[in-house]
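# Structural overview
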Amino acid sequence: MNEHKVLLIHAGGYSQRLPSASAMGKIFTALPLGSTVYQMLDLKLALYVDFPFHMKPGFLVTCADDIELYSISEGESLIFDRPGFTALAHPSSLLVGTTHGVFVFDESQETGCKELEYRKARCFLHKPAIEKMYSSGAVCTKRSNASGLFQDLDFSGSKVSEFVYTDSTYYFDHGTATQLLVLFKEISPLDCEIDAYGDFLQALGPGATPDYFTNMKNVTKEVAKLVDVRKKLFVLLKGTPLTVILLNNSKFCHIGTTQEYLYHLTRDQKLRAELGFLSEAFSICAAQPPSSSAACIIHSLVAPSCRVAPGSVIEYSWCEAGVAINENCIISGCWLTSGLQVPPNTFMHSLCVRINGDLQFVTVVFGSGDDLKKSVGSPLETENLKFFGTSLKRCAELWGISVSSLDFSGDQSDLSLWNLRIFPLCSDLISSVTLSLKMLEHLSGKSSGHFVKGVQMVSMQEALSYKDITEMLKFRQHLYQEIDSNKPKETVGLKTKEF
């Protein structure tokens with residue numbers, strides 16, 4: 001293996017918590033910056049531009065759906081030159097720690113007031129319960145004389161505050177990479193999902209234990225072989241040093257869920273100011289200007305007389321005259337014709353799919369608070385799943401069908417909104433959006449009876465398996481040409497088949 005410096009971007013899972021990133025990948029998530037718009041990959045490269053100069057040969061691993069901002073003293077740098085693993089850490093509330101990785105340090109090591117500190121970790125906890133953080137000694141205290149550090153944490157005004165150090169980006173050296181490559185060749189072909197954070201970092205530090213081997217809580221798909229692979233990784237990595245760079249004046253922003261995405265792009269005024277996020281990025285928007293609690297419009301055409309409520313995000317979409325987007329909505333890849341209204345708290349994403357050689361379109365809609373990961377073990381339990389906050393049993397009644405007729409794709413012992421076949425396939429993009437909105441009208445009581453008849457339905461799971469990225473990019477290119485010409489054009493007469 002040549003001694004290179006490599007950036008690895010972790011984008012595991014199906015992005016079920018932000019499905020608009022599923023088809024293209026989280027790292028290509030559009031951000032409200034630039035002309036044309038920058039994507040998460042551009043921001044990551046900009047944030048890490050200085051790292052290679054202070055790295056020995058090795059690998060830098062980062063997530064595709066988070067942003068790390070930090071302040072350090074002039075003349076200081078983040079240095080990745082130690083053997084084993086070196087990880088960045090950010091002070092976070094205990095609640096944030098339950099959904100991220102948490103570092104544990106020896107009690108003898110006190111946290112100072114410096115913006116940048118290098119520490120040896122005793123062990124690493126992956127998405128631990130709060131009780132586990134306390135029992136493991138992960139909870140730290142910071143007094144009020146911290147010279148402005150930890151300023152972005154909500155400590156409720158307490159003079160003695162409790163927090164944990166959570167993970168983000170980490171590095172491992174060339175020697176460790178060589179060892180991992182030898183193991184990979186031994187266990188190939190790899191037929192289970194290894195977590196780039198939990199399965200590697202939990203094996204590190206003198207306090208690492210094998211307790212996590214059989215914990216499948218955060219596994220996308222449970223596979224029996226995973227336990228054996230974890231054991232092999234543990235044996236290989238046990239004793240490998242885990243250095244942690246404490247960034248005591250830092251902010252870790254995760255945008256991998258619908259709620260986080262909406263908050264950071266529209267309501268997080270501090271982040272918007274720090275990164276220069278715009279309310280309107282590479283778009284033509286003749287709608288009413290967004291308020292201080294801004295809407296966010298990215299690479300889209302929004303016609304006059306449209307209403308876009310605060311707290312909503314529109315990306316790669318075309319909204320004709322009179323369209324109304326209510327608050328807290330995500331509209332992605334859609335073409336909404338005149339007069340359509342999108343209810344509050346709606347996630348809407350259109351995909352191009354190709355089935356048996358035929359190009360078709362599907363628009364998936366969910367409540368922005370729906371849990372797409374929640375699953376039940378049999379059709380008899382589907383009433384425990386909620387769509388737009390309403391039980392599937394009640395949804396079926398409002399749609400004029402029986403709950404027993406609801407169909408699911410994939411594993412029939414793992415039923416969820418993700419594999420629920422309720423989204424109609426259409427021959428054009430406009431019809432796809434219109435039919436999916438009609439389905440929501442039934443839930444609000446504005447329509448009655450079976451919302452579609454004789455139309456093939458697919459799930460989000462199936463839509464991804466059939467996705468035609470080339471055609472989706474054609475639509476984005478069509479929008480680009482319209483926006484780049486800097487003159488809005490009438491949508492009348494334009495047909496989906498043109499792109």
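Report follows, based on the coordinates. All figures in this text were calculated on a predicted structure; none of them were measured in a lab.

Rules behind the numbers
- Residues numbered from 1 in each chain as written.
- Predicted model: local features only at pLDDT ≥ 70, side-chain atom pairs only at ≥ 80, totals over all residues.
- Heavy atoms only, no water.
- Axes fitted to C-alpha atoms, helices over the stretch in contact; angles between N-to-C directions.
- Helix = DSSP H or I, 4+ residues; strand = E, 2+ residues; numbered from the N terminus.
- Left-handed = near helix turned anticlockwise from the far one by under 90°.
- Contact = heavy atoms within 4.5 Å.
- Nonpolar A, V, L, I, M, F, W, Y, C, P; charged D, E, K, R; others polar.
- Buried < 20%, exposed > 50% of the residue type's maximum accessible area, 1.4 Å probe, protein only.
- Pairing = 2+ DSSP bridges.
- Core = buried A, V, L, I, M, F, W, Y, C linked by side-chain atoms within 4.5 Å.
- Polar contact = N/O pair within 3.5 Å; in protein donor to acceptor, adjacent residues only side chain to side chain.
- Salt bridge = Lys/Arg side-chain N within 4 Å of Asp/Glu carboxyl O.
- Parallel < 35°, antiparallel > 145°, perpendicular 65-115°, else oblique.
- Expected span 1.5 Å × (residues − 1).
- Phe/Tyr/Trp six-rings, centres within 6.5 Å; stacked < 30°, edge-to-face > 60°.

Moving on, we come to the packing of helix α4 (residues 174-187) against helix α6 (residues 225-237). Their axes nearest at 11 Å, the elements α4 and α6 cross at an angle of 150 degrees. With respect to the hand of their crossing, α4 and α6 are arranged in right-handed fashion. Only K225, V229, K232, L233, L236 and L237 of α6 make contact with α4, whose side of the interface consists of T176, Q179, L180, L183, E186 and I187. Counted by class, the contact of α4 with α6 contains seven nonpolar, two polar and three charged residues.

Summarising burial for strand β2 (residues 58-63): six of the six residues are buried, a large majority. As paired strands, strand β1 (residues 5-10) and β2 are joined by six bridges and run parallel to one another. The residue bridging H10 from the neighbouring strand is C63, located in β2.

Another point: the nonpolar core. Grouped together as the largest cluster of nonpolar side chains are 93 residues, with contacts concentrated most on I325, I331, L336, L351, F366 and F387. Element by element, the count of residues in this core is highest for helix α10 (residues 429-443), at seven residues. L180, I187, F200 and L237 belong to the second largest nonpolar core, which has 39 residues in total.

Reading across from one edge, β13-β15-β18-β21 is the order of the four strands in this open sheet, with parallel pairing throughout. Both outer strands of the open sheet, β13 (284-285) and β21 (335-336), are each paired with one neighbouring strand and no more. Two strands pair when backbone bridges link them, and strand β18 (residues 318-319) and β21 are joined in this way by two bridges, in the parallel orientation. The residue bridging W318 from the neighbouring strand is W335, located in β21.

Position of E320 relative to the elements: it lies in the loop between β18 and β19 (324-325). With a relative accessible area of 9%, E320 lands in the buried category. For E320, the side chain forms a polar contact with the side chain of W335, separated by 3.0 Å. A polar side-chain atom of E320 sits 3.3 Å from the main-chain amide nitrogen of S338.

Attention now goes to the pattern of salt bridges. Under the counting rule described, the total for this entry stands at 14 salt bridges. E186 is the partner of K232 in a salt bridge, and the nearest nitrogen-oxygen pair spans 3.4 Å. Placement of the pair is K232 in helix α6 and E186 in helix α4, with a sequence separation of 46 residues. Note on E186: relative accessible area 53%, which makes it exposed. Between R230 and D199 there is a salt bridge, with the nearest N and O atoms lying 2.8 Å from each other.

This paragraph deals with the sheet that holds β19. Read from one edge to the other, the open sheet built from three strands follows the order β16-β19-β22, with strand pairing classed as parallel. In the strand order of this sheet, the two ends are held by β16 (307-308) and β22 (341-342), each with one partner.

On to the packing of helix α9 (residues 392-399) against α10. Axis separation between α9 and α10 bottoms out at 8 Å; the angle between their running directions is 105 degrees. Judged on the interaxial angle alone, α10 and α9 are roughly perpendicular. Residues C395, L398 and W399 of α9 pack against M439, H442 and L443 of α10. Residues belonging to the contact of α9 with α10 are distributed by class as follows: five nonpolar, one polar and no charged.

The subject of this paragraph is α10. Because each turn of an α-helix spans 3.6 residues, side chains separated by three or four positions end up pointing in the same direction. Relative to the 21 Å expected for 15 residues at 1.5 Å per residue, α10 spans 22 Å between its end C-alpha atoms, a close match to the ideal helical length. Most of α10 sits inside the fold, with eleven of its 15 residues counted as buried. Along α10, the residues classified as buried are L429, I430, S432, V433, L435, S436, L437, M439, L440, H442 and L443. Measuring from the backbone nitrogen of I430 back to the side-chain oxygen at the start of α10 gives 3.2 Å, which picks out D428 as the cap.

Once that is clear, we can look at the packing of aromatic side chains. Applying the stated criterion to the full structure yields 22 aromatic pairs. Geometrically, the ring pair formed by Y14 and W418 is tilted, given 6.4 Å between the ring centres and 35 degrees between the ring planes. Of the two residues, Y14 sits in the loop between β1 and α1 (40-47) while W418 sits in the loop between β28 (415-416) and β29 (423-424), which places them 404 residues apart along the sequence. With relative accessibility at 5%, the residue W418 sits in the buried group. Aromatic side chains F51 and F80 sit 5.3 Å apart centroid to centroid with 55 degrees between the ring planes, which places their arrangement in the tilted category. With F51 in the loop between α1 and β2 and F80 in the loop between β3 (66-70) and β4 (85-92), this residue pair connects regions lying 29 residues apart in the sequence.

So, about unusual backbone geometry. Residue T36 follows S35 across a cis peptide bond; omega there is 5 degrees. Looking at the secondary structure, you find T36 in the loop between β1 and α1. Within the chain, S305 stands out as a residue other than glycine whose phi angle is a positive 75 degrees. For S305, a relative accessible area of 54% corresponds to the exposed category. Of note in this structure, F388 is not a glycine but carries a positive phi near 55 degrees. With respect to the helices, strands and loops of the structure, F388 is situated in the loop between β26 (386-387) and β27 (390-391). Here F388 falls in the partly exposed class, since its relative accessible area comes to 23%.

Before going further, it helps to spend a moment on the environment of N248. With respect to the helices and strands, N248 occurs in the loop between β10 (242-247) and β11 (250-254). You can call N248 buried: its relative accessible area is 0%. Expressed as a C-alpha distance, the spacing of N248 and I72, which sit 176 residues apart in the sequence, is 8.7 Å. Here the side chain of N248 touches Y165 through a polar contact of 2.6 Å, side chain to side chain.

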